[in-house]
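Fold and contact review
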Amino acid sequence: APAPEHLFRPISAEDEEQQPTEIESLCMNCYRNGTTRLLLTKIPFFREIIVSSFSCEHCGWNNTEIQSAGRIQDQGVRYTLTIRAQEDMNREVVKTDSATTRIPELDFEIPAFSQKGALTTVEGLISRAISGLEQDQPARRANEEAVAKRIDEFIVKLKELKQVASPFTLIIDDPSGNSFVENPHAPQKDHALVVTHYNRTPQQEEMLGLQAEAPPEEKPEEEDLRNEVLQFNTNCPECNAPAQTNMKLVQIPYFKEVIIMATNCENCGHRTNEVKSGGAVEPLGTKITFHITDPLDLTRDVLKSETCSVEIPELEFELGMAVLGGKFTTLEGLLKDIQELVTKNPFTLGDSSNPGQMEKLQEFSRKLDQILQGDMKAHFIMNDPAGNSYFQNVYAPEDDPHMKVEHYERTFAQNEELGLNDMKTEGYETGLAPQR
């Protein structure tokens, strides 16, 4: 038998040996014999597919569809493509019959198994949808004029999308994992295309005709949260739509365990991330002083807990506790968050601000830009009474010549702010005994 690599050759117009196989078959329109052409090919950076094309020389009817030549994948796949230019309309698309196509801006959806699989482009996908809607319009105009009018208006909107007058989003969700959207920059990352792989639900397994495996015998074993991303349902803080929060336990080298929580709302696009310490409050507070001398210093990892304050003496700037919340980011990311906190506030740089204050804040933003561009040296100070903040030491386990870490005894006021003065963990039963 011929090897699979010889059957499925990469698709190419210059490959003379890659010829379709012709088979005589019945035309389902006039019931006379037509011709079906089969081409076994491989899409670059994707997988093998079978392209079939039928044409009838008697009545002119033709049909084209694709089938995956491989098995159903272990996970489903969702492609989210942001179309901004006419070049994006020319991207090749493999859409299987189990894929659902959505355009959120028009609230438009093509359900799974409502169309045959196709090898086409983004423009061809929209044109195919327009043809499907126009097919029964004459009958609708005769029987349901109001419905036909609304569909005509919607067809006009679909035709406007082909001109790319404004950006829009195309989502192809395929539980079988066999659909594909071309990345013209492959193997580099495509910033307009987001590819998400996910585990199928039991309903999707049933829809694909997969037989559910018998559940394995439950064995009591200890959960290892470090290897899992836990998910739980929440509401988006911006639009209150249902969303999911991901939580993961991460071990930071030469530091401790932290909990990273991230929420991403598919409805409005709002994203939040928050970091919580996975351990107890340290016996001593920590003060980290770092001297920024090189642009590469801005790439260092920073964990700022909710109890940490930040100070930049050269800018006469101080950020108090709980502002910006807990963050695990880079030094550049934290400085940009600080800049956005100042510049996006309408009471500091908007119409409500006074001229003197506006000049000072504009000067602050200018100097912060110089630090971000590596044109100005500065000191970055993190003071955390709880001792749960971290600044990456690239020389670890050796000392960093540009970083100074100090541990100190907390004051009564700092313990009061952390709620430690009234916390009693030993002998608390004794005080409750006389009250019983």
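Scroll up for the structure.
A few points on the structure. These numbers were taken from a predicted model, which means no experiment stands behind them.

Interhelical geometry of helix H2 (residues 122–135) versus helix H4 (residues 145–161) gives an angle of 165° and a closest axis separation of 10 Å. As summarised for this structure, H2 and H4 are arranged roughly antiparallel, according to the angle between their axes. Our pair here, H2 against H4, has a crossing hand that is left-handed. Facing Ile126, Ile130, Leu133 and Glu134 of H2, the residues of H4 in contact are Ile151, Phe154, Ile155, Leu158, Lys159 and Leu161.

Attention now goes to helix H6 (residues 331–343). In this model, H6 (13 residues) spans 18 Å end to end at C-alpha, consistent with the 18 Å of a helix rising 1.5 Å per residue. What H6 keeps buried is the set Leu331, Gly333, Leu334, Leu335, Ile338, Gln339 and Val342.

One finds Ile83 and Leu158 to be the most contacted residues of the largest nonpolar core, which totals 32 residues. Within the residue set of this core, elements represented by two or more residues are strand E4 (48–55), strand E6 (76–83), strand E7 (92–95), strand E9 (108–110), H2, H4, strand E11 (168–174) and strand E12 (180–181). Mapped onto the domain boundaries, this core takes at least three residues apiece from domain 1 (9–68) and domain 2 (76–208). Membership of the second largest hydrophobic core comes to 27 residues, among which are Phe317, Leu331, Leu361 and Ala378.

Considered as a void within the structure, the largest pocket measures approximately 1,500 Å³ in volume. Residue lining of the largest pocket: 40 residues in total, with Arg78, Thr196, Asn264, Cys265 and Glu266 positioned closest to the centre. Both domains that furnish three or more residues to the lining of the largest pocket are identified here as domain 2 (76–208) and domain 3 (230–277).

Quick look at H4 now. Between the first and last C-alpha of H4 there are 25 Å, a value that for 17 residues agrees with the 24 Å anticipated at 1.5 Å per step. Turning to H4, the residues buried within the fold contact strand E8 (100–103), E9, H2, helix H3 (137–143) and E11.

A full pass over the atoms with the stated rule returns one cavity of 30 Å³ or more. Taken as a whole, the largest cavity holds about 60 Å³ of empty space. Together, Thr101, Ile103, Phe108, Ile110, Leu125, Ile126, Ala129, Leu158 and Leu170 line the largest cavity. Those elements that place two or more of their residues in the lining of the largest cavity are E8, E9 and H2. The element contributing the most residues to the lining of the largest cavity is H2, with three residues.

Definitions and cut-offs
Residues numbered from 1 in each chain as written. Predicted model: local features only at pLDDT ≥ 70, side-chain atom pairs only at ≥ 80, totals over all residues. Heavy atoms only, no water. Axes fitted to C-alpha atoms, helices over the stretch in contact; angles between N-to-C directions. Helix = DSSP H or I, 4+ residues; strand = E, 2+ residues; numbered from the N terminus. Parallel < 35°, antiparallel > 145°, perpendicular 65-115°, else oblique. Left-handed = near helix turned anticlockwise from the far one by under 90°. Contact = heavy atoms within 4.5 Å. Expected span 1.5 Å × (residues − 1). Buried < 20%, exposed > 50% of the residue type's maximum accessible area, 1.4 Å probe, protein only. Core = buried A, V, L, I, M, F, W, Y, C linked by side-chain atoms within 4.5 Å. Domains from an automatic or database assignment. 1 Å grid on protein atoms, 1.4 Å probe; cavity = no way out; pocket = protein on both sides within 12 Å on 5 of 7 lines; lining within 4 Å. Points joined across faces, edges and corners; volume = space filled by probe spheres on them.

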